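# Structural features, examined
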Amino acid sequence: MREASLVQTFVELADSLVDDFDLVELLTLVADRSVEVLDVAAAGVMVASADGELRVVGSSSDAMRVLELFEVQSEEGPCPECFRTGIPIINEQLTTVDHRWPKFAPRAVASGFRSVHALPMRLRGQTIGALNLFRADEGLLDDDDVRAAQAFADVATIAIFSKRASDEAQAVNDQLTQALDSRIVIEQAKGMVADRTGRSMEEAFIRLRSHARNHNLRLGAVAGAVIDGRLPPENLDEGTSGTS
């Protein structure tokens, strides 16, 4: 039964990665399935932002989310420590680690938890977050559950890198498209300026660029203003040099 649940969970997570996906929804799914499949009472996912600060991204419950936010604010606890060191934290009993996490441990015990685990989310030596697991008793998480939990953390890591790569690729494509579109507009504006002022295409470009520089405007914006009639070619600043 447990093995079937594990297989179903990985199939569900893999299906989520096929098309465009919501990263927060997927990481919340990782937390939810961790509770359903593993011998834990609560789970959460923390991921580092671009500035390196941990953020709570997915939680199996609101109570878990509040506890994880306390971890972030107090800068101590299994998840921040696991993120900093890249080393798994397994079977830590919260009633005996006050010296390790003096702020976090009492708060976690007050929330009804007795033991905790954290698995690093890492790829090619880079740790980007951690999967937090909490139990309501002091029993140990067995080796099979530990391996399954690390696999969940690995899936979450792959999802994040996949999303970042997709977003970066899209950003590059958008920038390229914008640059090409802008160049088309500039060429059209050069033709209009040349036709209306009797200048060469090179001279028309020099005027467009000089006007943009003199008024702290983007060249594409000046060209667009010429094309839609907001900036008559005759009103462009004169220029002295440039290339087209």
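Every chain is numbered on its own, with residues counted from 1 as its sequence reads. Per-residue local features of the predicted model are confined to residues with pLDDT of at least 70, and side-chain atom pairs are confined, for both listing and counting, to 80 or more; whole-chain, interface and lining totals are unaffected and use all residues. Water and hydrogen atoms were dropped before computing side-chain values, which therefore reflect all heavy atoms in the structure.

## So, the environment of serine 59
- Numbering goes from the N terminus for both helices and strands, where a helix is a DSSP run of H or I of at least four residues and a strand is a run of E of at least two. Residue position: serine 59 is located in strand 2 (residues 54–59).
- Its relative accessible area of 14% is what places serine 59 among the buried residues.
- Considering only alpha carbons, one finds serine 59 and leucine 29, 30 residues apart in sequence, at a separation of 8.6 Å.
- In this structure, serine 59 is in contact with Thr28, Ala31, Asp32, Ala43, Gly44, Met64, Arg65 and Glu68, ignoring residues within four places of it in sequence.
- What qualifies as a polar contact is a pair of N or O atoms within 3.5 Å, subject to a donor-acceptor requirement within protein and to the restriction that residues adjacent in sequence count only when both atoms come from side chains. Within the local environment of serine 59, its side chain forms a polar contact with the side chain of glutamate 68, the two groups lying 3.2 Å apart. Per-residue accessibility, obtained with a 1.4 Å probe over protein chains only, is compared with the maximum for each type, and a residue is labelled buried under 20%, exposed over 50%, and partly exposed between these values. By the convention used here, residues are in contact when the closest approach between their heavy atoms is within 4.5 Å.

## Some thoughts on helix 4 (residues 78–85)
- For helix 4, the tally of buried residues reaches six of eight residues, placing the bulk of the element in the interior.
- All of the buried residues along helix 4 are Pro78, Cys79, Pro80, Glu81, Cys82 and Phe83.
- Two residues or fewer past helix 4, glycine 86 is found with a positive phi of approximately 75°.

## Structural notes on the pattern of salt bridges
- Any carboxyl oxygen of Asp or Glu within 4 Å of a side-chain nitrogen of Lys or Arg constitutes a salt bridge here. For the structure shown, the criterion picks out 13 salt bridges.
- Arginine 33 is the partner of glutamate 36 in a salt bridge, and the nearest nitrogen-oxygen pair spans 3.1 Å. Placement of the pair is glutamate 36 and arginine 33 together in helix 2 (residues 23–37), with a separation of three residues, close to one helical turn.
- Of the charged contacts, one joins aspartate 51 and arginine 55 as a salt bridge, the two residues approaching to 3.9 Å between their closest N and O atoms.
- Each of Asp39, Arg135 and Asp137 takes part in one network of salt bridges that share partners.

Note that all results are geometric; they support no functional claim without further evidence.
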